[in-house]
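# Descriptive analysis of the structure
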Amino acid sequence: MLTLDFHPAGRHFLQIPGPSPVPDRILRAMSYPTIDHRGPEFGALGLKVLSGIQKIFKTTQPVIIYPASGTGAWEAALSNTLSPGDHVLMYETGHFATLWKKMAEALGLKPEFLGLPGIEGWRRGVQADMIEARLRDDKNHSIKAVCVVHNETSTGVTSNIAAVRKAIDAAGHPALLLVDTISGLASADYRHDEWGVDVTVSGSQKGLMLPPGISFNAVSQKAIEASKTAKLPRAFWGWGEIIEMNKTGYWPYTPNTNLLYALHESIEMILGEGLDNVFARHQRLAAACRAAVQAWGLEVQCADAAVYSPVLTGVMTPEGVDADVVRKVIYERFNMSLGAALGKMKGRMFRIGHLGEANDLTLMATLAGCEMGLKLAGIKLAGSGVTAAMESLATNEQQAPRLKKAS
Ligand SMILES: *Cc1c(COP(=O)(O)O)cnc(C)c1O
């Protein structure tokens, strides 16, 4: 047993943008006994989660489920569709886009990193016109794939994937479109089929409200065709055998049975609330969170209102204030975890997660903790973010979820 020398009352506030808090319903579902992964009950569970997850990705095409973190599904997306030395166009939105590019290099691909210079690129979404211009220049179609991050978790920016699709089509370019929505799925609107995405990568521990440990590749027919000739080595990640066995609800290896119980519960919860209601709830909470940041007199990391993330908000600390010190004060005093700044932004911002099971009161508690913590850290605030957030929630009262009256 892990021993802490401090036992605070109440629960820990896990307000990082993933892992997100796991609802009790999901934790209970995970405690069902582990069953025979070749037995009849398992096949029924497998078929149920495989069809349920398609609705979350808004696809009728196969979704592959791996017993791995999101990073594994990144590797699967690249290694199934590409060959050694392939030229890929990747877009720098932040730290996660940078890590995916590093992986592409490690796998023997030749990534080209497009983006706005310096910090600017980390404050805005994917510039689809830059992708279009680059693809138009690529007359002999040497670029095999375009890779973008939908919800950049390091900054709180949600890029317009439909615009990227349009850019590729406008350039008349045959490159595959690979999208990371590890932190966007089930929190921010996402449409695998409608947006013509070839591989969508996602994970369990963010919008789906599950513990870390499973991840996904939603694929297109074009991606499956590409996988038949792609030459990067792959074995465990290979789609072919998994897709074949998934037809009857099974996997070629031992799947993560208890996390699949959790996924089943999560899908029930999300579809029960309704995907559009889930997205609206996230937008409403994100707007209230930004209202708080503005009232404090601090800056939201995302500099373009068209691409504010509904999943998390990046908060920049004033010049000369180390954001990690603020996070440490908040953690030690209020038992609340906030996201650290990553990569280029290190020490200059913190990230507030408002995803998954977040609601009005969890957000208000989180913002109260931030406001008290910022003051304790000696930062002069312009005003009360808590009051501003309550006002924002009240002005969006029409969209507020309500418990249904018993009939
Ligand atoms: C969390 C995250 C990852 C990494 O996923 P792991 O589960 O930590 O491997 C990659 N990309 C984005 C956008 C993420 O939010």
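Coordinates for the structure precede this section.
Treat the numbers as computed from the prediction; the structure is a model and nothing was measured. (Residues numbered from 1 in each chain as written. Predicted model: local features only at pLDDT ≥ 70, side-chain atom pairs only at ≥ 80, totals over all residues. Heavy atoms only, no water.)

In terms of nonpolar packing, the biggest core is built from 65 residues, with Tyr 66, Trp 100, Leu 208 and Leu 263 touching the most fellow members. Counting residues per element, this core draws most heavily on helix H9 (residues 257–273), which supplies eight residues. Shared between two domains, this core holds at least three residues of each, these being domain 1 (13–20 + 274–398) and domain 2 (24–271). Aside from chain neighbours lying at most four places away, what touches Trp 100 is Trp 74, Leu 78, Met 90, Cys 147, Val 148, Val 149, Leu 178, Val 179, Asp 180 and Val 201. Counting 30 residues, the second-largest nonpolar core is a separate cluster that includes Val 326, Met 364, Cys 370 and Leu 381. (Core = buried A, V, L, I, M, F, W, Y, C linked by side-chain atoms within 4.5 Å. Buried < 20%, exposed > 50% of the residue type's maximum accessible area, 1.4 Å probe, protein only. Helix = DSSP H or I, 4+ residues; strand = E, 2+ residues; numbered from the N terminus. Domains from an automatic or database assignment. Contact = heavy atoms within 4.5 Å.)

In spatial order, the strands read S2-S10-S9-S8-S5-S3-S4; together these seven strands make up an open sheet with mixed pairing. At either end of the open sheet lies a strand with only one pairing partner, and these are strand S2 (63–66) and strand S4 (110–114). Looking at each pair of strands side by side, their axes are set apart by 20° on average, direction ignored. By the bridge criterion, five bridges tie strand S9 (residues 199–203) to strand S10 (residues 215–219) in an arrangement that is antiparallel. Directly across from Val 199, in S10, lies its bridge partner Val 219. Its contacts with the sheet put helix H2 (residues 40–57) on S2, S9 and S10, and the angle it makes with S2 is roughly 115°. Its contacts with the sheet put helix H4 (residues 95–106) on strand S3 (87–91), S4, strand S5 (143–149), strand S8 (176–180) and S9, and the angle it makes with S4 is roughly 160°. (Pairing = 2+ DSSP bridges. Axes fitted to C-alpha atoms, helices over the stretch in contact; angles between N-to-C directions.)

Side chains bearing opposite charge may pair, as long as their charged atoms lie close to each other. Counted under the stated rule, the structure contains 18 salt bridges. With a closest N to O distance of 2.7 Å, Arg 281 and Glu 273 form a salt bridge. When its relative accessible area of 13% is taken as the criterion, Arg 281 is described as buried. A network of salt bridges, in which partner residues are shared, links Lys 58, Asp 189, Arg 191 and Glu 194. (Salt bridge = Lys/Arg side-chain N within 4 Å of Asp/Glu carboxyl O.)

One pass over the structure, following the stated rule, counts ten aromatic pairs. Lying across the ring of Phe 13, Arg 11 places its NZ or CZ 4.1 Å from the centre. The ring of Phe 96 is capped by Lys 206, whose NZ or CZ atom sits 5.5 Å from the centre of that ring. (Phe/Tyr/Trp six-rings, centres within 6.5 Å; stacked < 30°, edge-to-face > 60°. Lys NZ or Arg CZ within 6 Å of the ring centre and 35° of its normal.)

Here we come to empty space enclosed by the protein. Summed over all chains, the structure comprises two cavities of 30 Å³ or more. One number sums up the size of the largest cavity: a volume of about 60 Å³. For the largest cavity, the full set of lining residues is Arg 11, Leu 14, Gln 15, Ser 20, Pro 21, Gly 353, His 354, Leu 355, Glu 357, Ala 358 and Thr 362. Of the residues that constitute the lining of the largest cavity, the class distribution is four nonpolar, five polar and two charged. A volume near 40 Å³ is recorded for the second largest cavity. (1 Å grid on protein atoms, 1.4 Å probe; cavity = no way out; pocket = protein on both sides within 12 Å on 5 of 7 lines; lining within 4 Å. Points joined across faces, edges and corners; volume = space filled by probe spheres on them. Nonpolar A, V, L, I, M, F, W, Y, C, P; charged D, E, K, R; others polar.)

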